[in-house]
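The chain contents come next:
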Amino acid sequence: MTLQFPITQVIQRPGIIDLGWGSPDPALIPVTELADSAATTISHMGPSALAYGAPQGPGPLIEWLSHHVLGEVNRQPQPERIVITAGASQALDLFCTLFVEPGDTVLVESPCFHLARKILLDHSARLAPLTSGVLGPDANELRETLAKLRSKGERCRLMYCIPTFNNPTGRSWPQHCRDAIIEVAAAEELTIIEDDVYRDCAYDEPAYASLFERAPDGIVVRLGSFSKTVGPGLRLGWLQAHPMVVSGITDSGLLDSGGGINHLTAMVMQQFCLAGHFDSHLERMRGALRERRDALVTSLAECLPPGCSWTVPNGGYYVWLELPRGSDVAQFLPIAESHGVSFLPGALFFLSGGGVTAVRLAFSMYSSQELCEASRRLGVAIREWMIHKNSSKSI
Ligand SMILES: Cc1ncc(COP(=O)(O)O)c(C=O)c1O
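The residue numbering used here restarts from 1 in each chain and proceeds along that chain's sequence as written. pLDDT decides what is reported in this predicted model: residues at 70 or higher carry local features, side-chain atom pairs at 80 or more are listed and counted, and totals for whole chains, interfaces and linings draw on all residues regardless. Based on all heavy atoms of the structure, the side-chain values leave hydrogens and waters out of the count.

*Asks:* Explain the site of the ligand here, please?
*Replies:* Residues in contact with the ligand amount to 14 residues; listed here are only the nearest, Ser 89, Asp 195, Tyr 198, Ser 225 and Ser 227. Backbone polar atom of Ala 88 to an oxygen atom of the ligand: 2.7 Å apart, as the coordinates give it. Under this definition, polar contacts are N or O atom pairs within 3.5 Å; protein pairs additionally need one hydrogen-donor-capable and one acceptor-capable atom, and for neighbouring residues in sequence, both atoms have to be side-chain atoms. Within the side chain of Ser 89, a nitrogen or oxygen atom sits 2.5 Å from an oxygen atom of the ligand. Every accessible area reported is derived by Shrake-Rupley at a probe size of 1.4 Å, with residue values counting cover from the shown protein chains alone. Burial of the ligand by the protein chains amounts to 91% of its free accessible area of 400 Å². Each residue gets one of three labels, nonpolar for Ala, Val, Leu, Ile, Met, Phe, Trp, Tyr, Cys and Pro, charged for Asp, Glu, Lys and Arg, and polar for the others, Gly among them. Tallied by class, residues from the shell around the ligand come to six nonpolar, five polar and three charged. The near set for a molecule or strand comprises every residue that places at least one heavy atom within 4 Å of it.

Written out as structure tokens, the structure reads:
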């Protein structure tokens, strides 16, 4: 039964393995530990967990994050650079509210997360693409694109990108690319919004150092989230930036009026993290994601016809599958769904043009067995579609 007013955003269609959802598997959400943390928080902290929160977020959570987020790098923990938000989406929205003016041009990595683009558009930004391939974006192209935009009188001071375990490709920019892009940004007074929500989902080896860590002070604003590691319904994440950006947010009307964002949930996560649940849960999550990535890429190799290729990510939720040359995924999707498998078409992740032969497969929400079955269905659907395409061409 489909409820008229559903409880969750993800709605399962009976009979379809839907690899379109970039959500964690409900079976992996640490419900027991969260329930314990919530009970402990409310019984021990009582009124202070239910008060207006400190604008930056609860102090001990900020301290924990400053060690956790910056703990692996060469800087001292810098709690003054973090503000708690209702997820990375709200962090981006809040940043835009305060720092983007209608008509500003924002460069967006292409391909990249289509819903971040939607947030930028909510703020009446104009968007311009910066192509990103296997080796990340090209620094010379960035310099030339900026010069072109600015020579036309466009105000372009911001770039949005996902350098680590990208959504949708699963790729990471190599270190030399990171440094080259930072160098251009620093020289051109371009602020980089580094969406880093998949960093903790590294399951082979640690992720490359973030742009935030490598860049001179003030160049990068970094977004983080508990959505991909713990659960998206928490609506809890953070923004990490120069203290002037953080104080711009903490002094904003929204926080002045309402206090710290999502205070009770932040207090519950504080308890969850300080009790050591985050670290033990993350190990389990990484293991499950690794196993699912392996199941998907191995079964794709067994089931798909020649002419298909795909990325093998070292972290994150996504495999980027290229169908044989000349394919049009928009036409293929209904055929795939008639075989009980779905995905997001690659073209969604491009501003204009691109991605027509690609699809994004999210492997986070399904078991290894279901992913093998999804590959089998994809293989059958692609073969059927190719026969159909070739026979209608010859008519
Ligand atoms: C790159 C990227 N950024 C942000 C988000 C949303 O994060 P949050 O749930 O923290 O708002 C997603 C979710 O798919 C994502 O893939």
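Still more to cover.
*Asks:* It is not clear to me how the sheet that holds strand β11 (residues 318–322) should be interpreted in this structure. Could you clarify?
*Replies:* Adjacent strands of a sheet form backbone hydrogen bonds with each other and so pair up, either parallel or antiparallel. The four strands are arranged β10-β11-β14-β13 in an open sheet whose pairing can be described as antiparallel. Of all strands in the sheet, those bounded by a partner on one side alone are β10 (309–310) and β13 (344–345). Strands were regarded as paired on the criterion that DSSP finds at least two bridges between them. Per the convention used, a helix needs a DSSP run of H or I reaching at least four residues, while a strand needs a run of E reaching at least two, with both numbered from the N terminus.

*Asks:* What should I look at first to understand the nonpolar core in this one?
*Replies:* When a protein is soluble and globular, its nonpolar side chains tend to lie buried together. What is meant by a nonpolar core is a set of buried Ala, Val, Leu, Ile, Met, Phe, Trp, Tyr and Cys residues, joined one to another through side-chain atoms within 4.5 Å. Each residue gets one of three labels from its accessible area relative to the maximum for its type: buried under 20%, exposed over 50%, partly exposed in between, using a 1.4 Å probe on protein chains only. Grouped together as the largest cluster of nonpolar side chains are 71 residues, with contacts concentrated most on Leu 239, Phe 332 and Leu 361. Membership of the second largest hydrophobic core comes to 23 residues, among which are Leu 107, Leu 130, Leu 146 and Val 184.

*Asks:* Any chance you could explain the sheet that holds strand β7 (residues 191–195) here in plain terms?
*Replies:* Across the sheet, which stays open at both edges, the eight strands sit in the order β2-β9-β8-β7-β6-β3-β4-β5 with mixed pairing between neighbours. Of all strands in the sheet, those bounded by a partner on one side alone are β2 (82–85) and β5 (136–137). Strand direction decides the pairing type here: strand β8 (residues 220–225) and strand β9 (residues 237–240), joined by four bridges, are antiparallel. The residue bridging Leu 223 from the neighbouring strand is Leu 239, located in β9.

*Asks:* I'm lost on the pattern of salt bridges in this one. Help?
*Replies:* Opposite charge on two side chains makes pairing possible when the charged atoms of those side chains draw close. We define a salt bridge as a side-chain nitrogen of Lys or Arg found within 4 Å of a carboxyl oxygen belonging to Asp or Glu. Applying the stated criterion across every chain yields a total of 19 salt bridges. Across the salt bridge formed by Arg 293 and Asp 204, the nearest N and O atoms sit 2.8 Å from each other. Taken together, the residues span a long stretch of sequence, with Arg 293 in helix α11 (residues 277–303) and Asp 204 in the loop between β7 and α7 (211–214) at a distance of 89 residues. For Arg 293, a relative accessible area of 6% corresponds to the buried category. Assessed through its relative accessible area of 36%, Asp 204 is described here as partly exposed.

*Asks:* What's the story with helix α10 (residues 263–274) in this structure? I'm lost.
*Replies:* One turn of the α-helix equals 3.6 residues, which is why residues spaced by three or four share an orientation. To estimate how far a helix should reach, multiply one less than its number of residues by 1.5 Å. Across its 12 residues, α10 extends 16 Å between first and last C-alpha, which sits within 8% of the 16 Å expected from 1.5 Å per residue. With nine of its 12 residues buried, α10 lies for the most part within the structure. For α10, the set of buried residues is His 263, Thr 265, Ala 266, Met 267, Val 268, Met 269, Gln 270, Phe 272 and Cys 273. Positive backbone phi, approximately 90°, marks Gly 276, located one or two places after α10.

*Asks:* How do you make sense of the side chain of Arg 81 when you look at a structure like this?
*Replies:* Along the chain, Arg 81 turns up in the loop between α2 (59–70) and β2. One polar contact links Arg 81 to Asp 217, side chain to side chain, over a distance of 2.5 Å. If sequence neighbours within four positions are ignored, Arg 81 has contacts with Phe 212, Asp 217, Leu 239, Gln 240, Ala 241, His 242, Pro 243 and Val 246. By the convention used here, residues are in contact when the closest approach between their heavy atoms is within 4.5 Å.

*Asks:* How should unusual backbone geometry be read in this particular structure?
*Replies:* If a residue is not glycine, its phi is most likely negative; likewise, a peptide bond is most likely trans. At the junction of Ser 110 and Pro 111, the peptide bond is cis and its omega measures out at 10° in the coordinates. Secondary-structure assignment places Pro 111 in the loop between β3 (105–110) and α4 (114–122). Of note in this structure, Glu 189 is not a glycine but carries a positive phi near 55°. Assignment of secondary structure puts Glu 189 in the loop between α6 (175–188) and β7. In the Ramachandran plot, Asn 262 falls in the positive-phi region, its phi being about 55° despite a non-glycine side chain. Within the element layout of this structure, Asn 262 appears in the loop between α9 (253–258) and α10. Given a relative accessible area of 26%, Asn 262 falls into the partly exposed group.

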